[in-house]
Amino acid sequence: MVHLAYALPLLMLLSALAVQLGAGRLGESVARISVGASAGTLLFALLLFADQLSADPGQLVSLGLGLFSLYIDWLSTLMALLVSGVSLVVHVFSVRYMQDDPAYTRFFALLDGIVAVILLMVMAGDLLTLLLAWHLVGIFLYFLLNHDTRRPASTRYAFWTLFTHRVGDLPLLAAVALIYHAFGTLALPEVFAAMAAAPETTTLLGLPLAETLGVLILLAAFAKSAQFPLHTWLPYTMDGPTPVSALMHAGIVNSGGFLINRFAPIFVHTEGVLLLAFAVGLITTIMGSLMMLMQSDIKKALGYSTMGQMGYMVMECGLGAFSLAIYHLIAHGVFKATLFLGSGAIIGNARKDPNIPEGEIYRFMVERKVPHPPVSWVIFAGITITVPLLIVFGAHQLVNEGFLHHQGALILLLFGWITGAQTLFFVYKIGGERPFSVLIYVILSFGLVILTYVLVGHAFDALLYPDPAFREALYAAASVNVTSFMLVLLLLIALIAGGWLMVFRSTAERQPLNRRWRGAYISLYALMSREFYIADLYSRSGEAILAASKRLNALLRWV
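Residues numbered from 1 in each chain as written. Predicted model: local features only at pLDDT ≥ 70, side-chain atom pairs only at ≥ 80, totals over all residues. Heavy atoms only, no water.

Draft legend 1. Examining the environment of T164 more closely. Looking at the element boundaries, T164 is found in helix 6 (residues 152-183). On a C-alpha basis, the gap between T164 and W233 in space is 7.1 Å, while along the polypeptide they are 69 residues apart. Discounting residues that sit within four places of it in the chain, T164 has contacts with A223, L230 and W233. (Helix = DSSP H or I, 4+ residues; strand = E, 2+ residues; numbered from the N terminus. Contact = heavy atoms within 4.5 Å.)

Here it is, written out as structure tokens:
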């Protein structure tokens, strides 16, 4: 049954060829071939997933060529399900959405091609196949984003994407070369076994191999998953077709989380490397979330939202919660893909009827009519700060009492607390006639969401990494000095709680902080509205390099 895995990428590749060859005779009817192949791929992925329930974990399937081998385990089958499922929805949506496009058949050929290479990437059993598929994803994405060649913006931002992805290919290429130099093999199971047998192996210049590989793999993941400072390509890909924006959440923009998980047997032997993932993921999460709030374009807002979520995914890996990152990857991929597919309908409805239904949120957000809170801010602040903390802590203790012994778990608890407190604060801020009724519903919803998240997260933990010792080693690789960690954690809790109390009091006194410190607020607003000038910096740097190259060419008389 495991050889059925080859049918997934092959079926989509054959569909791409059939669409291209049959376009002249069948016209737009070739879309049926593409949709049928996508449905068949999903069926095969389901069969492969069902077979994995009773199969041996981690089977390498090879054609005897030393290339195009596949590694079938829970990670690859889950990713294949995500890719094929989202692909089918995108294919069906595209049949009518792209109907008036002059390059209709070429779009479906490229769509089938990129799905084929994504499936090959997530199931790759050797490093050459992984590297080839990793590279081809960027190539296909360039052509899809530049589908409408009549628009200069599409061409420009597609090239941004291509360039950033090529930057991400180089660290992975270097990692593959170092692995082959050290172990003389490219098969993933053999590489992982060799690393486990000799974790102290060194490489060029006497550098520790595990740490060097970890950094290189993280750099490759940062470029593909739009992590700071390589994030600028993602928000500007919104000039491409909407189905492509949706498909990007099926193993393209979230492929960084997959890559880090695939090399978990490498990261488990590293020391301090995962802190880099945590730091970069945290910065990306904050930047993406802030810049999302500044956008008036719905697709660009969704793009920055994806950037923030990918930062959170990488940050989870940096905390040692590798399986939780895969759960986040899948849940966010399905959710955000549907949001992108629905964004076109929302834009169309807004053009027909721009009126927003009036209500408490409308009066608060649009008319800026802030009602006077009906209860004491001290009571509401106490509820906001304590209840989410109790819910998050209780959910983790209920499912796994030992989970909170890990440093990474405490950081995740901190973020869950911040998210819940922000939700309850918004209930207080918009006021309303029955704030406590709304508050109870919000608390119950938050508790249900957290409990579900914890349950499914632990299920993924046991599924992807069934060895408890290996899971403990991953968390240990992400840990730091206990005393320093606890001091920083307590300081953060105190600052966050103090910040919430300050916000509550200023809201109750009708003196918002953005009025009290208006100068700082306007400066921060200007900085975020220009997206921290990072894209401008890259554009100016590119122009300077081009100008310098022209002067060099003229000086050396090359042109």
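Draft legend 2. Inspection of the packing of aromatic side chains at higher detail. What the rule picks out here adds up to 13 aromatic pairs. A centroid spacing of 5.3 Å and a plane angle of 70° characterise the contact between F49 and W74, whose relative ring orientation is edge-to-face. Remark: W74 occurs in helix 3 (residues 74-97) and F49 occurs in helix 2 (residues 30-52); sequence separation between them is 25 residues. Looking at W74, the relative accessible area reads 15%, which means it is buried. Pairwise contacts between aromatic rings join Y104, F107 and F108 into one cluster. Here the guanidinium or amino end of K224 rests over the ring plane of W134, the centre of that ring lying 4.8 Å away. (Phe/Tyr/Trp six-rings, centres within 6.5 Å; stacked < 30°, edge-to-face > 60°. Buried < 20%, exposed > 50% of the residue type's maximum accessible area, 1.4 Å probe, protein only. Lys NZ or Arg CZ within 6 Å of the ring centre and 35° of its normal.)

Draft legend 3. The packing of helix 5 (residues 127-145) against helix 6, seen in detail. Running from N to C, helix 5 and helix 6 cross one another at 175°; their axes reach a closest spacing of 8 Å. Here helix 6 runs roughly antiparallel to helix 5, going by the angle between their axes. When grouped by side-chain class, the residues that make up the contact of helix 5 with helix 6 number 14 nonpolar, 6 polar and 2 charged. (Axes fitted to C-alpha atoms, helices over the stretch in contact; angles between N-to-C directions. Parallel < 35°, antiparallel > 145°, perpendicular 65-115°, else oblique. Nonpolar A, V, L, I, M, F, W, Y, C, P; charged D, E, K, R; others polar.)

Draft legend 4. Focus on unusual backbone geometry. The peptide bond linking F228 to P229 adopts the cis configuration, its omega dihedral lying at 5°. As for its position among the elements, P229 is in the loop between helix 8 (209-224) and helix 9 (242-247). Even without being a glycine, F68 presents a positive backbone phi close to 60°. Structurally, F68 can be placed in the loop between strand 1 (59-61) and strand 2 (70-72). Owing to a relative accessible area of 31%, F68 belongs among the partly exposed residues under this scheme.

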